Each structure stands twice: as C-alpha cells, then as structure tokens.
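# Summary of the model geometry
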Amino acid sequence: MTAAAPSGEGTASLRTAAGLCLDSPFAACIVLPDGRLHVFNEPYRVLVGAHGLTSFAAPWGQTIAAPLAGALTGKSALVAARLGSDTVTLSLIPVRDDETNVVSGVFVCLEKGTTGVGFDSAVQQFDSFRYTLSHDLLSPLRTLQEMARILESEHSQHLPPDASIFLNHLAQGTSKLAERVDALISYVKLNAQPLNSHRVDVSRVVTDVLAALRATHGDKASVIVGDLPDAYADADLVRQLFTRLLANAFKFTRHTAAPRIEIGSVMSGPGQNTYFVVDNGAGFDMKYAGKLFGLFQRMHGEAQFEGTGAGLAIARRIVERHGGTIRAEAMKDQGAKFVFTLPSASTGAYTGA
Amino acid sequence: MRSAEEAMMAPHILIIEDNDMSFVLADYLLRQAGYSTSRALDGQAGVQAALQNVADLILCDLDLPLMDGYQVAGTLRKASGWRPVPLLAFTGDSPGDAHSESLARAAGFEGFIFKPVDARTFSATIARHIAPERRVD
C-alpha cells in the first residue's frame, strides 16, 4: 500500500510512522511536505477512493489547505471535512525527524463522523504501542542478545577477563530487557483486547494447566484440586490467570522439602465465584504486599528465583478485566495464598443452566 | 579468512537492508556458513544490485527507504534483465502474520526470514532455498 515512491524521504521517524500507518486499523496516510502521499493503508484507500491516491488534498479542497500547512510547520490539527455525503474527521499529526526536528511529513488519521473517538480508542493506541514495542524495542534487543551470545560462544577466548565480565553483563542485560518487553506486550494486550466471555469449565482449565506445568516442573509437589465452579469469563484469559498463579506456586515451592499446592473455591456472594491458589513455598513478607501486583516487582533475589516480575501484574489485570478482585496473604518462608473472584457462570448467558 | 578463489566459488547472497544491526548479524552468520555477501542500503540500490545477476539468493528487508521490499520484489519479477533467484523477505513481523505474509507472497517473495535471525537455524533456512549445486555444506 505504498504510493509513488519518493526519493530522499527516508528518515527513521518517517519510516516508523509509515509502519504505524500501514498497521493501523483506521484509515491513515502520510503526506509529504510537497503534498504527495508517502504511504496509505487499505482502510484509507477504501474510504477516499481512487481520486485521493495521487494527491492528498484532492478529495478535500480548500478545507484542508490551512490545517495541512499548519501541520507541516509543526502544529497538530483536528478537522471535520465533507467527503461525498459523509463527514470525515481528519487528525493531522506532524512527523518530526528525531535528529533535526524538521517536519518530514504529516501523519493523517481519518474517521467517518465528527467525534474522532476512534483516534483515541484503546484498540488503536494498543496496536500502535504494540508495534512500537515489538519493532522498535524487542527486535533490536533480540539482535543485540544474539550478537552477545555469538561473542561469548565464539570469541570469548580472545577477550581479556575484564572484557568478558562486561560482555556477560551485556548478554544478561539484553536478555532480561527483552523478556520485560515481552511481558509488557502481554500486559498491554490485556488492557485493549475485548473480552470474549463464555461459560468456562474452570476444573478442566486447571487440569490442563497443571499437566503442562508438571511437564516442566516434575511431580515433586503434591497438588490438591478442590471443587471449582464454572465461571462466565474469557477462557483464554482464565487459562493465563491459572497458568501465572500456578507457575508461581511451582516455582516458589522449588526449594521446599515437601511442596504442597492447593487450588479450590470458597462460598461467596451471588454472581461471583471465589477461588484460591495456596502453596507452602518461599512466601514473602506482607509489608511488601502493596508492591506485589506491580509490573516488574520482584520479592526475591534473581539468584534464588528467576522471572521478570510481570506474572502477578498480569494476573491482577485479568481478574480486574472481569470485574473481580485479587488479594494475597503470605508469610515469609511459610507460603503464599492468592484469593480472587471471577463472575459465576450463573450470572452470564447460562442463568439456570 | 577465505581466499579470493574460495570467495568466488562461494554462493553469493545479496542482502538488501538499511538497518545496520540486522545487516551485521545476518552478514556475519552467512559468511560463517561459507557464503559471500554484498549489501544494498535501500530498495532502488537493491534492484540495481540484483540486476547484475551475481547473487544466488536475495534477502530483502520489507521496510526500506526509497522503495520498499514489496516494490523491490514486484520490480524484479517484471524486469526482463533479471535472472530469477530465490527472493526471501527479511521481516520484523511475527511468523504467522497472515496479512503481511500474503502481501509478501503476492509481491513475489518465495520465503521468509524473521528478524531477529536465530543463529542456529538461519543458514540452514537459507541453504534450503539455494539451488542444490550452489549449496555450501
């Protein structure tokens, strides 16, 4: 979906903007300072039709001239304009070159109607943000990680000891950063994806999750699964929730002599199921409980237990997305208990079933 | 280091990639695997280099300045002076992104290398696309 290829317009920021434009679920294009289109996406082509594909201004006439000129000097603008019998809101955002600060193009989002709500919608923000996270952060980090690995495995014999230490930190640091970006992508995804709620057989989900975790963690822990009523929730997210909580339970009982994990439910008010996951592992000091569900918060040294510290933040977002709550009770070296609520299957489409 | 003679014999890979980091890693791994390489920094230069018909395989980034990877593939597929060789898309998209895969296939790419490259599988993937008589062991 690239228009006539211009020459000399290859700034990094313009290319990043072009990526965002092509990925956007909304109609979007990028206009160059001379008024030509740099790129446009498929929704744009559908919205403006063939006459808007050569010159950006053609379908809009004078309405757009002043705001476009303003955007090219660095001023964002929101314009309502007529397109046939429709009103279209155009949002014009200058794209500046990172180094010179010169405006190298204008990013234009278009939406039918005058509200412009879609431009700010969580979905679009998420898509742009995820694109940035994965292309501009994760991908270069993974490349650095691979380079450090090659240096370590193929060239470490030529390095003085001091250099090896730095290299080791570089390798570990890039790996950790990449894991965090990965976790951040999962976390951001949770905030924007619509819930796809159905009746969920929680017992079945827990059985599956346990089977998968047993494959990596072994059979050392004794696991007790109590009665788990069906929930009305997004099945994928419920699976993720139990995976996060149970993976933690396995991890933090790893150094426990007789590890024990219990999953169950307790009586709770109408419309809500209350579940718990309890273990007798490393636990944590309750004075840090406030930090427990924060992103990248870790309660233990990395030498003791690995991990990015994103699991419980993700677990909390999953519960909150379903209108529930989650809390933790723990004692250092005595284990931890997580208690959370999800909508009961009887509140959803399955009333009386 | 390989001798000039060996380098002449080695299958040649043209890498069309504007990002230095992506290029350096791919280039290193390919040379380690016994290929010779050359680089073009943008789509237009990539088409010119490809039309010299010295490469046994072309690895082309999709997000390139001046002319993007899809246009490079489209231009080469139509060019009468091009002796066709495997054309692989070098992409930062995730494997399984059906939209970008179908776009790239429609433009004329026959396969994908996903960034960042995995050093353990990269040269084997390249080898699968190279004509049997031009493969390195």
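Residues numbered from 1 in each chain as written. Chains lettered and ligands numbered in written order. Predicted model: local features only at pLDDT ≥ 70, side-chain atom pairs only at ≥ 80, totals over all residues. Heavy atoms only, no water.

What follows covers the overall build of chain B. Across its full length, chain B carries six helices and five strands. A burial count over chain B gives 50% of its 137 residues as buried. The long-range fraction of contacts in chain B, counting pairs at least 24 apart against all pairs at least 6 apart in sequence, stands at 66%. When the accessible surface of chain B is totalled, it reaches about 6600 Å², and 54% of it is carbon and sulfur. (Helix = DSSP H or I, 4+ residues; strand = E, 2+ residues; numbered from the N terminus. Buried < 20%, exposed > 50% of the residue type's maximum accessible area, 1.4 Å probe, protein only. Contact = heavy atoms within 4.5 Å. Areas by Shrake-Rupley, 256 points an atom, 1.4 Å probe, with all protein chains shown as cover.)

To continue, consider the sheet that holds strand E5 (residues 103-112) of chain A. To summarise the sheet geometry, strands pair through backbone hydrogen bonds and adopt either a parallel or an antiparallel arrangement. Residue and element names in this part refer to chain A. With respect to topology, five strands assemble into an open sheet ordered E2-E1-E5-E4-E3, the strand pairing being antiparallel. In this open sheet, the two strands that pair with only one neighbour each are strand E2 (37-40) and strand E3 (77-83). Neighbour-to-neighbour, the strand axes of this sheet turn through a mean angle of 25°, independent of strand direction. Of the pairings in the sheet, the one linking strand E1 (residues 27-31) to E2 comprises three bridges and is antiparallel in character. If you follow Cys-29 over to E2, its bridge partner there is Phe-40. (Pairing = 2+ DSSP bridges. Axes fitted to C-alpha atoms, helices over the stretch in contact; angles between N-to-C directions.)

With that settled, the discussion passes to the confidence of the model for chain A. Residue and element names in this part refer to chain A. When pLDDT is averaged along chain A, the result is 83, and 91% of the positions lie at 70 or above. With pLDDT under 50 throughout, residues 1-9 is counted as low confidence; its partners more than four residues away or in other chains account for 29 contacts. Taken together, the stretch residues 115-120 has pLDDT below 50 and engages in 15 contacts with residues farther than four places along the chain or on a different chain. (pLDDT = per-residue confidence, 0-100.)

Residue and element names in this part refer to chain B. A cis amide bond, omega -5°, links Lys-115 with the succeeding residue Pro-116. When you line up the elements, Pro-116 lands in the loop between strand E5 (111-114) and helix H6 (122-129). In this model, Asn-53 sits at a positive phi of 55°, which is unusual for a non-glycine residue. Positive phi outside glycine occurs at Leu-66, with the angle close to 65°. Along the chain, Leu-66 falls in the loop between strand E3 (57-61) and helix H4 (69-78).

Counting across every chain of the model gives 18 salt bridges over all chains. With a closest N to O distance of 3.2 Å, Glu-306 of chain A and Arg-254 of chain A form a salt bridge. One end of the pair, Glu-306 of chain A, is in the loop between strand E10 (272-279) and helix H9 (311-321); the other, Arg-254 of chain A, is in the loop between helix H8 (235-252) and strand E9 (260-266), and 52 residues separate them in sequence. Classification of Arg-254 of chain A by relative accessible area gives partly exposed; the value is 33%. Of the charged contacts, one joins Lys-115 of chain B and Asp-61 of chain B as a salt bridge, the two residues approaching to 2.9 Å between their closest N and O atoms. Here Asp-61 of chain B lies in strand E3 and Lys-115 of chain B lies in the loop between E5 and H6, a separation of 54 residues in the sequence. The two residues Lys-115 of chain B and Asp-61 of chain B agree in class, both being buried. (Salt bridge = Lys/Arg side-chain N within 4 Å of Asp/Glu carboxyl O.)

Moving on, we get to the state of the cysteines. Here the structure, examined in full by the defined rule, presents zero disulfides over all chains. The cysteine Cys-21 of chain A is free of any disulfide, with Cys-29 of chain A supplying the nearest cysteine sulfur at 6.4 Å. (Disulfide = S-S within 2.5 Å.)

Turning our eyes to something else, we now look at the pairing of E1 of chain A. Residue and element names in this part refer to chain A. Most of E1 is tucked away, with five of its five residues classed as buried. Neither face of E1 is open: one carries Ala-27, Cys-29 and Val-31, the other Ala-28 and Ile-30, and all of them are buried. Sheet topology note: the E1/E5 ladder contains five bridges and is antiparallel. What sits directly across from Val-31, in E5, is Val-106. Taken together, E1 and the strand that follows it, E2, pair antiparallel across an intervening segment of five residues, in which Gly-35 is found at a positive phi of about 95°.

Attention shifts here to helix H3 (residues 62-72) of chain A. All names here are of chain A. Turning to H3, its buried residues are Ile-64, Pro-67, Leu-68, Gly-70 and Ala-71. The buried residues of H3 occupy one face: seen down the axis, they fall within an arc of 155°. Residues of H3 that are exposed and angled more than 90 degrees away from the buried face: Gln-62 and Ala-66. Where H3 ends, the next residue or the one after it, Gly-74, has phi of about 110°, a positive value. (Arc of directions from axis to C-beta.)

On to the layout of surface pockets, then. All names here are of chain A. In this structure, the second largest pocket occupies an estimated 700 Å³ of space. Among the elements of the structure, helix H6 (161-192), H8, H9 and strand E12 (335-343) are those that each provide at least two residues to the lining of the second largest pocket. Counted by class, the lining of the second largest pocket contains twelve nonpolar, eleven polar and seven charged residues. (1 Å grid on protein atoms, 1.4 Å probe; cavity = no way out; pocket = protein on both sides within 12 Å on 5 of 7 lines; lining within 4 Å. Points joined across faces, edges and corners; volume = space filled by probe spheres on them. Nonpolar A, V, L, I, M, F, W, Y, C, P; charged D, E, K, R; others polar.)

As a further point, take the packing of aromatic side chains. Taken as a whole and assessed by the stated rule, the structure comprises seven aromatic pairs over all chains. An angle of 65° between the planes, with centres 4.7 Å apart, marks the rings of Phe-252 of chain A and Phe-305 of chain A as edge-to-face. Here the residue Phe-252 of chain A occupies a position in helix H8, and Phe-305 of chain A occupies one in the loop between E10 and H9, the gap between them amounting to 53 residues. Between Phe-112 of chain B and Phe-114 of chain B, the ring centres sit 5.8 Å apart and the planes meet at 5°, which makes this aromatic pair stacked. Assessed through its relative accessible area of 13%, Phe-112 of chain B is described here as buried. The rings of Phe-242, Tyr-275 and Phe-340 of chain A are connected pair by pair, giving a single aromatic cluster. Between Lys-337 of chain A and the ring centre of Phe-276 of chain A, over which it is positioned, the NZ or CZ distance is 5.2 Å. One cation-aromatic arrangement involves Lys-115 of chain B over Phe-90 of chain B; the distance from NZ or CZ to the ring centre is 4.9 Å. (Phe/Tyr/Trp six-rings, centres within 6.5 Å; stacked < 30°, edge-to-face > 60°. Lys NZ or Arg CZ within 6 Å of the ring centre and 35° of its normal.)

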